[in-house]
Every structure is written in C-alpha cells, then in structure tokens.
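Residue-level structural notes
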Amino acid sequence: MPLPSSKRLFFSFLLLSVSASAFAQQQPSSAAIEQKVTALLQQMTLEEKVGQLNQYSGRELTGPASNRKNDLLNSIRSGQVGSMLNVKGVKDTREIQAEALKSRLKIPLLFSLDVIHGYKTVFPVPLAEAASWDMAAIRLSAHVAAKEAAASGIHWTFAPMVDVGRDPRWGRVMEGAGEDTYLGSQIAKARVLGFQGEKLGGTDAVMACAKHFAAYGAAIAGRDYNAVDMSQQQLWETYLPPFKAAADAGAATFMNSFNTLNGTPATASSYLQRDILKGQWKYQGFVVSDWGSIGEMVPWGYAQNLADAAQKAIAAGSDMDMESDAYHQNLAHLVKDGKVDVAQVDEAVRRILRKKFELGLFDDPYKFSDAKREKKVLNDPQNRVAARQMAQKSMVLLKNENNALPLGKQLRKIALIGPLSKAKRDLGGSWTVLADTTEIVSIYDGLTKRAGKNTQVLYAKGCDVEGNSRQGFAAAVEAAKQADVVVLTVGETWDMTGEAKSRADIHLPGVQEELFNALKATGKPVVAVMLAGRPLIFNNIADRAEAILYAWWPGSEGGNALADVLYGDYNPAGKLPSSFPRAVGQIPVAYTQYSTGRPVTMPGQIKYKSAYIDVPNTPRYAFGYGLSYTTFRYSDLKLSSPTMTAAESIQVQFTLTNTGNVAGEEVTQLYLHDPIASTVRPLKELKDFQKVMLKPGESKTITFTIDKEKLAFYNQKLEWVAEPGDFNLMLGSASDDIRLEGKFTLLP
Ligand code: GLC
C-alpha cells in the first residue's frame, strides 16, 4: 500500500476541516438550545435532575447477570443515569440507549470512553505523538480516533490529557505532551479540534475532555494520586495554559483530578472549577469528576462521609459524578435539607443537557449507533496509513555513529534481538480500549517484510523485559556473530507505564542492559531500538551503541513504521518533548532551569556551585533534541528592529539550509530569556517552533514574530506582564543545541 505523501495527509486534513465547518452551519443556534434546555429542566423532578449528574462504568452491562447489572439497568430505566462509560460498539450502545428511553422524559445517555490514542486503530501513545511536533498529524490522529469511536456509538472521549509532566517517575507522562507549556498548549488545541472538529454534532466527531484539572503532573515524588503543592506563579505559568488552550479550542468537557492542589482536593476546588474555569475563562461546558474522586475526599481527610463529599463537590463546580455514587445517594436529600442550593444542581444539569442537544441526541438518540457506518469506518485502510505516518513522525533518532543507520541495501544478515522484537501488545502501550492487539504489526514482521528476500533476519529473544534469566544470551550472541548488524529491541512492557504505574527507578528493567553488553562484546555494530511509554535511563547503551532510536509505543503500524525509519524510507525528524535524566536524582530536570545565584559557568568547576558532585546538571538527552539522516545549518539571523514597544512586534528571520544529501525535516525552535525581571525567569523558554521540510542543499528563510505575549509572565501579584528591558533570543535545533543568538529591547 503506497504511503501517501504529506500532501495527501494535508488534503485529508483539508477535507476534514471543510466537512466539519460545513456541518457547523446545520447546527441549531445556542439560543435555541438554551430554550430547549430550560423547557426540559422545568419538567424535571429533583430526582431526575440528580439522575443526569451520575455516570457509571458499564462493563457489567454486557456481561452475565449480576446485582450490579440489575441495579444499573433499573437506574438507567428510571432516569437516574446521565452517562455511561465503557459501553462500546453499535450493538451495546443501541441496547443500553433503548433502556434509557424507557424513562419518563426519555433523556438519552452520553456514552464515553478513554479513546486516548486510537479506538480500533492504535496510534502511538500521546507522548510519542508529541515528539512529532506536527500539529496537522496530531490533529488527524485524534480525528481518526474520533471517527472510529463515533462510528461505534461513542459520544465522548476522556482526552486529551493536557497535564504538563516533568517527572518521568510518574507513569502518566505517557498520556500527555511532555514538559513544555507552549508545546503542550499547541498540542492541546490540535487534539481538541481533532476529536471535535469545528463544532459538535457530526457523526465523525466526539466530545473532547481536557484532563486532569489541574496540575496532576506535579504529584509529589512522581507518585500517582499524590498531593500537589506549588506557587500560584507556577500553576498559572506552567500548568494552566494547556487547559486554557483546550477551553479556547472549544473542549466540550473537563475532567478534574485525583490530586489536592495546595491542600484542597481538585474535585472540591472552587478556585479551579468556579473561579478560574467557569468564572475567568467563562467556560460553558461541564466538568466530570475523575473515577471516584468525589468519594476520595473521605480518605484524603477532607470530607466526613459521602454526603459531605457530595455537598463539597457540587458547591465547587463538579457537575457530573463518575462512579462514586455520591450524588445519586445524597444530592436530593442535601437539597431537601437546605444544605445544597438547587440552583447548583440546575446549573450542572443545564451544562450536561446543553451538550446532549448539541450532539443532536434528542433528535436521534441512535445517530451514533449505525452498524453499516461502524463496519465501513472501522475497516478503512486509510486509518492505518495515518497511524503509520504518525508512528514514523514520532520516532526520535538519539544517536547515529559510523552511519550505522539507515540500514544499507547491501546488508545480508540482520540479527534482530530482544524481548520486544516479536511483541504486539506491548507496541500498543496502555489505554488501548478496543484494539485487537493481534492486528498490531510487530517489529519482526515489519523488518522481515522490508528486508526482502536478499537479507536474512536472524531472530533471538535474548531475555525477557523483566526477570534475571540470562539463558537466552548464548543464542542471541550466536545470532549476532553471524550478522552484519544487530538491531536490539529493549524497553518496557505495555503495562509498565500509564495510570498507577509510578516507578522509583526508571532504568531499563531486568537484564536488558547486560544483554546489550554481551552483544556489544561480539564487536558487531548495535542499533538500539527503545520501546517505552516514558523517558528511561540507559546510560550504558547511550554511551556504547552505534545508533539509538526511541520508538516509544508506536501503535498498530509500529513494526512497519520502524522498518521505514531503519531503512531510511522515512528520514526521522522527531524531537524529544521531555528531558531524559541521567539519574533519577536529577528529577525534575526539565530544560526550564534557572541560573541560580551560583551557576556552573565552566564544566567541572562545581565547587560551591549549584551542582551535583556525582552527575552533571544536564540531562542525558535534552528537550527538543533529535537527529536526522541529514544535517541543517542556521545562518543570517536578522531582526526587523533591535527594539519594540508593547504595541509592536519584531520579525526574526534566519536561513535554514539542508547541508546533507537526503531530504529531511527540521523542527526549528525559538527560545527567549528575560535576564532581569521582577520574578526570576528560566534561562530559556520555548516560545515558537516551525517544522520545515528541505531537499538536499535547499535553503529557506524562516520567520518568527515576537510580540508582547511571548515576553509576558505572571509577576508576584499574579499580573500577566511584559517588563521593559533587554531580552535574549535563541534559535536552535534543541534546547541544548542553540545555533543563533540575538538580543532586543522592549521599550517602556
Ligand atoms: C481513570 C483516569 C482517567 C480516566 C478515567 C475513566 O482513573 O484517571 O484519566 O479517563 O478513570 O477511565
């Protein structure tokens, strides 16, 4: 199947935008919807209103008879449920929707699911997609996932996860866009638009859900579900902007988070949910609690019991209760006892009904459950083409010495060694909700197909991902001795990163590094392919392998995409969205470091400086880093003016040249630094980037615009200000590979 060029990807994306915006004209106006919501609210009893605020997981509904199944069906039939999660497929969603329509007011259910990186077609995990820095591809990935899910009766996905993650001990870094606020904000927007299109209601789109609100990625010690403590500046400057970007892109829903923020559980935080989201940001969607988080106020020691938790949650603006049953059991009593103002219940119900009208569910509760469309969409070969392209774009070339890559056509024998060489499930990563993982293309399948008849692929597992058995080493070494090159696949199993998968040690598990040493001892060149959902520590391999490709968890087409990159059919252009530590002790090692009062100015000169005595301050691999099979030159930096006022902007121009002999893409990165400010500023902050394709020898003039917004920060009074003075400008291929520098002044 010919891989369409990026032009075709562009046209498919163009088609997506046109179809979505064309659909927008058919939507009833919001005034009309408000009238319908008001009219319906007036008919509802208090119990029916509370019913809309309950969400349950429906796995049992399609299973054998059980008390839970009976209770759920009875609640659904009596209008006591507003939404179900984990009910999927046209058949099941039709059946359960029919039960909801037996209720007095026939209010349709919302069906929701964690479609995090694909529904049937598995895309690379979100952190891998972030490494593509390709907003069109990221948006298309979300659109394909939405098309497949919407064709299977799903109205709402619990994605994108937009938590900034700077601690790779926290397993959920896999689900986000990495450590940077600016990149994370661009990706949040792309994912929301990909899932929802320009406006809700199309049967090729689902409601998005910006989660986890807020600052969940800063859990203390990288331990999931833990407390979060941070300054207001840090919250507003680093962790909130991707949520604001999601809200501005029209995210239909938000999900709150399990953590406390400065002592208050997020689910009970009126500051987050009412003051910021629904107040300052004027957010019109609704907030769903994370699984049981309302009830978790009790073990947090914040609520006496479920009734107390329900009262605190509804007061704080948590509209829908996922799985804690707190609202179902208590809210009506709390209203009748005068402890909860019914206006808070009405507001929550209004927000939820608004979305059900926008989706068109009252006109046709079954519009998303069409068996013919499900069959057609789920088997569209274009979906796997998009998945393969995204997997290619997500892979990051970390090292390539002695031209180990791309693999040459003259190779006669490749030794494919490692515990993930024939893996399928592991390439899907976690949160693969429906995927038939047997359909995932393994690395072995992809490589043997690409190698063709003239090249023999010798396979040996070598060892397991975990455990300390070295029994497979001998066969692996034997295969290596016979081969021209070793391709070693190491990393994590699919369930070693994700929710509730915090690790205190993020080295390669088991005896994988020892296997590498045994293979290296044969003297054959070793190409290490790393498969994981998070940054790992692998210093020995980093020092001694000829080449290293970080392939993350690349999804359904992972084996084919990896072969495309290894053979140079696709020139890798991925850039790390997260810093990779040398040691766990460095964490957080994000690139947004401060100078400190005792900066290390000369390598090695660390006496009485802000430094470790056992490792350098720098990460093993920096944010924004990634190699290509070609090289790029940055030259001729020009600024339109050396000064600007707050009302003006400066054009920054430079020439980017492909100085190698193959075409390739470069992600050029613009960093700024405010060296003197009323709040100490990081040494560099990403403020813009462009991904540019260049033929061999081709040059292009690249232009960035610097305006006041790119200079602003939250001062000690939490005002968003750009302070007059000099600014340092840096253009680079990575946060630690600055190629051009300049200065300009913001005038008073
Ligand atoms: C989980 C996750 C959340 C997910 C939800 C529903 O606990 O925290 O991200 O969307 O429950 O599965």
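This is a predicted model, so every value here is computed, not measured.

Cut-offs and rules
Residues numbered from 1 in each chain as written. Predicted model: local features only at pLDDT ≥ 70, side-chain atom pairs only at ≥ 80, totals over all residues. Heavy atoms only, no water. Salt bridge = Lys/Arg side-chain N within 4 Å of Asp/Glu carboxyl O. Helix = DSSP H or I, 4+ residues; strand = E, 2+ residues; numbered from the N terminus. Buried < 20%, exposed > 50% of the residue type's maximum accessible area, 1.4 Å probe, protein only. Near = heavy atom within 4 Å. Polar contact = N/O pair within 3.5 Å; in protein donor to acceptor, adjacent residues only side chain to side chain. Areas by Shrake-Rupley, 256 points an atom, 1.4 Å probe, with all protein chains shown as cover. Nonpolar A, V, L, I, M, F, W, Y, C, P; charged D, E, K, R; others polar. Pairing = 2+ DSSP bridges. UniProt positions renumbered as here; feature names shortened; annotations may be inferred. Arc of directions from axis to C-beta.

Counted according to the given criterion, the structure contains 40 salt bridges. We note a salt bridge from Asp308 to Lys312, for which the minimum N-O separation is 2.8 Å. Separated by four residues within a single helix, Asp308 and Lys312 lie in helix 13 (residues 306-316), roughly one turn from each other. Residue classification places Asp308 among the buried residues on the basis of a relative accessible area of 18%. Residues participating in the shared-partner salt-bridge network are Glu34, Arg350 and Arg354.

Turning our attention to the site of the ligand. Around the ligand, the structure places 13 residues, and the nearest of them are Asp114, Arg172, Lys211, His212 and Asp290. Between the ligand and His212 there is a distance of 2.7 Å, counted from an oxygen atom to a side-chain nitrogen or oxygen. The side chain of Asp290 places a nitrogen or oxygen atom 2.6 Å from an oxygen atom of the ligand. Within the complex, 94% of the 310 Å² of free accessible area of the ligand lies under protein. Tallied by class, residues from the shell around the ligand come to seven nonpolar, one polar and five charged.

This paragraph deals with the pairing of strand 21 (residues 685-694). A large share of strand 21 lies buried, amounting to seven of its ten residues. Relative to strand 21, strand 20 (residues 664-673) runs antiparallel, the two sharing nine bridges. Paired with Thr668 across the bridge in strand 21 is Gln690.

The five strands lie next to each other as 18-26-25-20-21, forming an open sheet whose pairing is mixed. Unpaired on one side and paired on the other, strand 18 (643-644) and strand 21 mark the two borders of the sheet.

Our next topic: the UniProt feature "domain: Fibronectin type III-like" (unreviewed entry) in the chain. Within this structure's numbering, the places UniProt gives as "domain: Fibronectin type III-like" (unreviewed entry) are residues 666-735. Across residues 666-735, helical content stands at 0% and strand content at 57%; the span's end C-alpha atoms are separated by 14 Å.

It helps to recall that an α-helix has 3.6 residues per turn; residues three or four apart then point in one direction. Considered for burial, the residues of helix 11 (residues 270-280) that qualify are Leu272, Gln273, Ile276, Leu277 and Lys278. Within helix 11, the buried residues cover an arc of 155° as seen down the axis, which keeps them to one side. Among the residues trailing helix 11, Lys282 stands out with phi positive, at a value near 55°.

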